[in-house]
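Chain by chain, the residues run as shown.
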Amino acid sequence: MTTTQPPGTPLGSLPPREHLRLGQIATVLDVVIPVYNEERDLEPCVRRLREHLARTFPYGFRITIADNASTDRTPEVAARLDDALEEVTAVRLERKGRGRALRTVWSLSEAPVLAYMDVDLSTDLNALLPLVAPLISGHSDLAIGSRLSRGARVVRGPKREFISRMYNLILRGSLAARFSDAQCGFKAIRGEVAERLLPMVEDTGWFFDTELLVLAERAGLRIHEVPVDWVDDPHSTVQLVRTATDDLKGVWRVGRALGTGALPLDRLARPFGDDPRDRELSGVPGGLARQLVGFCAVGGLSTLLYLGLYSLFRLGTGAQLANAAALLLSAVANTAANRRLTFGVRGRDRAVRHQAQGLVVFAIGLVLTSGSLAALDAASGTPSHGTELAVLVSANLAATVLRFLLFRAWVFPDRASREDLATPPHPSHDRNDLTRSTR
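Here the residue numbers are simple positions, counted from 1 along each chain's written sequence. Two thresholds apply to this predicted model, a pLDDT of at least 70 for residue-level local features and 80 or more for giving and counting side-chain atom pairs, whereas whole-chain, interface and lining totals are computed over all residues. With hydrogens and water excluded, all non-hydrogen atoms of the structure serve as input to the side-chain values.

Labels follow the DSSP assignment, with helices taken as runs of H or I lasting at least four residues and strands as runs of E lasting at least two, numbered in each case from the N terminus. Assignment of secondary structure puts Arg50 in helix 1 (residues 42–56). With 35 residues separating them in the primary sequence, Arg50 and Leu85 have C-alpha atoms 8.9 Å apart. For this analysis, a polar contact is any N or O atom pair within 3.5 Å, provided that within protein one partner can donate a hydrogen and the other can accept it, and provided that sequence-adjacent residues contribute only side-chain to side-chain pairs. A polar atom in the side chain of Arg50 sits 2.7 Å from the side chain of Glu87.

The following block contains the structure:
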């Protein structure tokens with residue numbers, strides 16, 4: 001892909017979003033159709049899509065057929081369309097995988113907006129212009145069609161409906177995903193974003209979409225959702241059980257990578273000032289509002305974890321020992337969560353040091369809570385379990401205020417003062433698998 005960064009853009013970061021200079025670009029949109037053994041549906045799909053784009057899309061476009069090592073007459077049909085239609089290009093890959101096809105073609109495309117759709121055209125094409133418009137205008141980084149958002153109109157069987165909704169519930173519960181539909185075969189991305197995001201995506205199959213969206217969302221990129229009209233293809237060749245198994249393996253892999261900080265998501269950061277939340281407010285230190293929200297959310301979950309652990313440990317030991325053990329375990333989890341979510345520290349750099357400093361903060365909390373329990377014992381002798389919990393909650397509230405101040409000023413000082421993470425080189429993927437037909 002041949003995109004250029006504006007002067008002054010740090011290597012590895014994304015340039016500010018801007019409306020595309022359309023008068024200077026011959027091909028604005030490149031729509032990829034990945035296919036495997038689709039000799040029957042390919043030609044009517046491509047001709048219908050081309051007619052729709054010629055009638056409704058006001059800029060230059062290209063349709064790229066990405067043949068995933070088909071063994072039927074699909075390559076012949078693709079070559080014929082390539083020769084017959086000026087806007088159509090055929091690409092042949094020698095290995096299967098929808099993700100591999102998209103990554104290869106998108107990585108070579110010079111179009112500033114990249115999209116893809118399934119060959120069955122289950123999604124109504126009237127959603128295509130609303131899909132790519134926010135990318136052209138500079139409003140969003142990625143766009144997805146959604147069958148599960150309000151306003152979508154969907155016709156499909158109960159089995160596929162159940163599987164789709166359960167999969168998205170799994171993504172929300174395990175990866176904290178906020179987008180509504182990961183699997184709809186109707187997506188678009190800005191070329192400059194694809195250039196930096198694609199090298200991070202490992203999957204080459206059906207999980208490619210999900211991994212792309214999760215990484216983009218975690219990096220703070222904006223994902224636009226378009227409710228679509230969608231009719232299920234009764235002749236779909238997707239193997240549901242195998243696809244579901246591969247997707248769950250992908251969820252585990254990505255979740256583990258995010259949890260250990262193995263993904264350099266900082267390379268996808270926008271320059272300071274592109275996000276309106278970066279604007280300074282008089283009397284408010286930079287980032288304080290966001291940090292307070294994140295800290296409160298983490299603190300609430302940590303408190304629930306602490307109380308659950310305390311109640312569990314209290315069944316077999318005394319109050320002081322149960323308090324110390326519960327506080328220690330919840331403190332380690334709290335420091336790790338605040339490090340990543342509240343203060344935006346990624347990677348393993350200084351992770352041990354941060355945990356050690358967090359344990360010092362834990363010791364202060366232990367003194368406060370243990371002192372409260374000791375005072376309660378001295379005052380009432382044998383307090384009830386409910387009274388113990390109430391006293392501990394009050395003590396933890398006081399410790400929480402002190403913990404935030406120490407985290408912000410000592411453990412995780414202002415992010416701007418930390419050194420930028422090094423950006424690894426972008427690996428190339430599967431370029432040797434590709435043969436492009438020429439006219």
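Right, picking up where we left off after that structure.
Another point: the environment of Ala79. Among the structural elements, Ala79 can be located in helix 2 (residues 74–84). For every residue, the accessible area (1.4 Å probe, protein chains only) is compared with the maximum for its type, and the residue is labelled buried under 20%, exposed over 50%, or partly exposed between those bounds. Taking relative accessible area as the criterion, Ala79 reaches 32% and is therefore assigned partly exposed. For Ala79 and Val91, which are 12 residues apart along the polypeptide, the C-alpha to C-alpha distance reads 8.8 Å.

This part is about helix 1. Multiplying one less than the number of residues by 1.5 Å gives the expected span of a helix. A rise of 1.5 Å per residue sets the reference length of helix 1, with its 15 residues, at 21 Å; its end C-alpha atoms lie 21 Å apart and thus fit the reference within 8%. Burial in helix 1 covers these residues: Leu42, Cys45, Val46, Leu49, His52 and Leu53. The buried residues of helix 1 occupy one face: seen down the axis, they fall within an arc of 135°. Among the exposed residues of helix 1, those pointing more than 90 degrees away from its buried face are Ala54 and Arg55. The arc in question is traced by the directions running from the helix axis to the C-beta atoms.

Moving on to the confidence of the model for the protein. Confidence scores here are pLDDT values: one per residue, from the predictor, ranging 0 to 100. Residues with a pLDDT of 70 or more make up 84% of the protein, whose mean pLDDT is 82. Long-range and interchain partners of residues 1–11, a stretch whose pLDDT sits below 50, account for 20 contacts in this model, where long-range means more than four residues apart. For this analysis, residues touch if any pair of their heavy atoms sits within 4.5 Å.

Take helix 11 (residues 351–380) next. Between the first and last C-alpha of helix 11 there are 42 Å, a value that for 30 residues agrees with the 44 Å anticipated at 1.5 Å per step. Listing the buried residues of helix 11 in full gives His354, Gln357, Gly358, Val361, Phe362, Gly365, Thr369, Ser370, Leu373 and Leu376. Looking at the buried positions of helix 11, the neighbouring elements they touch are helix 10 (319–342) and helix 12 (385–411). Directly beyond the C-terminal end of helix 11, a positive phi value near 80° is found at Gly381.

Looking at the secondary structure, you find Gly344 in the loop between helix 10 and helix 11. Overall, the relative accessible area of 11% leaves Gly344 in the buried class. Expressed as a C-alpha distance, the spacing of Gly344 and Phe412, which sit 68 residues apart in the sequence, is 9.2 Å.

Fitted lines through C-alpha atoms give the axes, limited to the stretch in contact for helices. The angle between two N-to-C directions lies from 0 to 180 degrees. Orientation of helix 10 relative to helix 11, taken along the N-to-C sense of each, is 145°, at an axis distance of 9 Å. Helix 10 and helix 11 meet at a crossing whose hand is right-handed. Facing helix 10, whose interface residues are Ala319, Gln320, Asn323, Ala324, Leu327, Leu328, Ala331, Val332, Thr335, Ala336 and Arg339, helix 11 presents Ala351, His354, Gln355, Gly358, Leu359, Phe362, Gly365, Leu366, Thr369, Ser370, Leu373 and Ala374. The nonpolar class holds Ala, Val, Leu, Ile, Met, Phe, Trp, Tyr, Cys and Pro. Asp, Glu, Lys and Arg form the charged class, and all remaining residues, Gly among them, are polar. Across the contact of helix 10 with helix 11, the residue classes break down as 13 nonpolar, 9 polar and 1 charged. In a left-handed crossing the near helix is turned counterclockwise from the far helix by less than a right angle, and in a right-handed crossing that turn is clockwise.

Turning to unusual backbone geometry, a few remarks are in order. Comment: phi is negative for the bulk of residues other than glycine, and the bulk of peptide bonds are trans. A positive phi is found at Asn37, a non-glycine position, where the angle reads about 55°. You can call Asn37 partly exposed: its relative accessible area is 27%. Although it is not a glycine, Leu121 adopts a positive phi angle of roughly 50°. Inspection of the secondary structure puts Leu121 in the loop between strand 4 (113–117) and helix 4 (128–137).

Turning our attention to the nonpolar core. For the purposes of this section, nonpolar cores are sets of buried Ala, Val, Leu, Ile, Met, Phe, Trp, Tyr and Cys residues that join through side-chain atoms within 4.5 Å. Core analysis: the biggest nonpolar cluster contains 44 residues, and Trp106, Leu142, Phe179 and Leu197 have the highest contact counts within it. Elements represented by at least two residues in this core include exactly strand 3 (88–93), helix 3 (98–108), strand 4, strand 5 (142–146), helix 5 (158–175), helix 6 (191–197), helix 7 (208–218) and helix 8 (240–260). In terms of residue count, helix 7 provides more of this core than any other element does, 6 residues in total. Residues within four places of Leu142 in sequence aside, it is in contact with Leu135, Ala188, Ile189, Val193, Leu197, Leu212, Leu213, Ala216, Leu221, Arg222, Ile223 and His224.

A contiguous nonpolar patch, built from Val360, Ile364, Leu368, Leu402 and Trp410 and spanning about 380 Å² of accessible area, is present on the exposed surface. Where the nonpolar patch is concerned, the elements lending two or more residues are helix 11 and helix 12. Of all the elements, helix 11 adds the most residues to the nonpolar patch, at 3 residues. With respect to the helices and strands, Ile364 occurs in helix 11. Patch membership requires more than 30% relative accessible area and the absence of a salt bridge. Residues of like charge join within 9 Å; the nonpolar side chains Val, Leu, Ile, Met, Phe, Trp and Tyr join within 5 Å. For every accessible area listed, the method is Shrake-Rupley and the probe measures 1.4 Å; residues are considered covered only by the protein chains on display. The working definition used for a salt bridge is a side-chain nitrogen of Lys or Arg within 4 Å of a carboxyl oxygen of Asp or Glu.

Most of strand 5 sits inside the fold, with 5 of its 5 residues counted as buried. Side chains Leu142, Ile144 and Ser146 project from strand 5 onto one buried face, and the interleaved Ala143 and Gly145 project onto a second face that is buried too. Should DSSP find at least two bridges between two strands, the strands are taken to pair. As defined by bridge partners, strand 5 adjoins strand 7 (residues 186–190) across 3 bridges and the pair is classed as antiparallel. Bridge assignment links Ile144 to a residue of strand 7, and that residue is Lys187. In this structure, strand 5 lies alongside strand 8 (residues 223–227), joined through 5 bridges in parallel fashion. Note on strand 8: the bridge partner recorded for Ala143 is His224.

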